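# Coordinates in review
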Amino acid sequence: MLQALLVSTVLSWVVILLLGVALLALARQVGVLHMRVAPAGALTTSAGPAVGSAAAAIPATTIEGTETTVGGHLHGVPLRLLMFVSPSCPLCKNLIPVAKSFARDERLQLVFIGDDDVAAQRQMIAEHSLGGYSFINGPEVGQAYEVAKLPYAVLMDEHGTILSKGLVNSREHLESLVIAHEMGIRSVQDYIGKLKAVVN
């Protein structure tokens, strides 16, 4: 009986040690995969004003009828995030709460821009509590930035210089816009491309 207990104890310790080794091997493999998988970022397009260029001040009207401008110099606002959205875009609706949280955390001025039926836009504003945000509804801004797909975001500084831009559908994509600006690169894709060029 004592011998059986001793054998089972030894076998238990062997199994525990083997599980520990397997766990270490798995952790190493996860680390390798993490290094190989490129970070996702907002998909930058070549259309519209280029990153690094000064965005012209575009006259626009908010959905409430207030005259405003998009782009150009805006003193006292270090960073602005333009979010192009539509009530007919499911991704846009999912991203709006994320964009609100992201802008609050990063201390960005958040401006929503759309070009749709006013009643549908007002319903979306009510559903997502966007009453405290500037919401511009009209084709002028989207045409100036040559926005073809949604949701789309543009990050600019107080001088109206475009710092980064691209198609976004997650918080990670929004964060990549700020990261690209902080790293002094046009986009995360450009950074990855340079890394691959160095490796090859």
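These figures come from a predicted structure and were not determined experimentally. (Residues numbered from 1 in each chain as written. Predicted model: local features only at pLDDT ≥ 70, side-chain atom pairs only at ≥ 80, totals over all residues. Heavy atoms only, no water.)

## What to know about the nonpolar core
Leu81, Met83, Val85, Phe112, Phe135 and Leu174 are the most contacted members of the largest nonpolar core, which totals 26 residues. Those elements giving two or more residues to this core turn out to be strand S3 (79–84), helix H2 (90–106), strand S4 (109–114), helix H3 (118–127), strand S6 (152–157) and helix H5 (171–183). Non-local contacts of phenylalanine 135, meaning those with residues more than four positions away in its chain, are made with Thr62, Ile63, Val85, Phe112, Gly114, Gln121, Met124, Ile125 and Leu130. Within the second largest apolar cluster, 16 residues are counted, among which are Val51, Phe84, Ile136 and Ile162. (Core = buried A, V, L, I, M, F, W, Y, C linked by side-chain atoms within 4.5 Å. Buried < 20%, exposed > 50% of the residue type's maximum accessible area, 1.4 Å probe, protein only. Helix = DSSP H or I, 4+ residues; strand = E, 2+ residues; numbered from the N terminus. Contact = heavy atoms within 4.5 Å.)

## Re the packing of aromatic side chains
Counting across every chain of the model gives 4 aromatic pairs. With 6.0 Å between their ring centres and 70 degrees between their planes, phenylalanine 84 and tyrosine 152 make a pair best called edge-to-face. You can see phenylalanine 84 sitting in strand S3 and its partner tyrosine 152 sitting in strand S6, a full 68 residues away along the chain. For tyrosine 152, a relative accessible area of 2% gives the class buried. With a centroid separation of 6.2 Å and an interplanar angle of 20 degrees, the aromatic rings of phenylalanine 112 and phenylalanine 135 are classed as stacked. You can see phenylalanine 112 sitting in strand S4 and its partner phenylalanine 135 sitting in strand S5 (residues 134–137), a full 23 residues away along the chain. (Phe/Tyr/Trp six-rings, centres within 6.5 Å; stacked < 30°, edge-to-face > 60°.)

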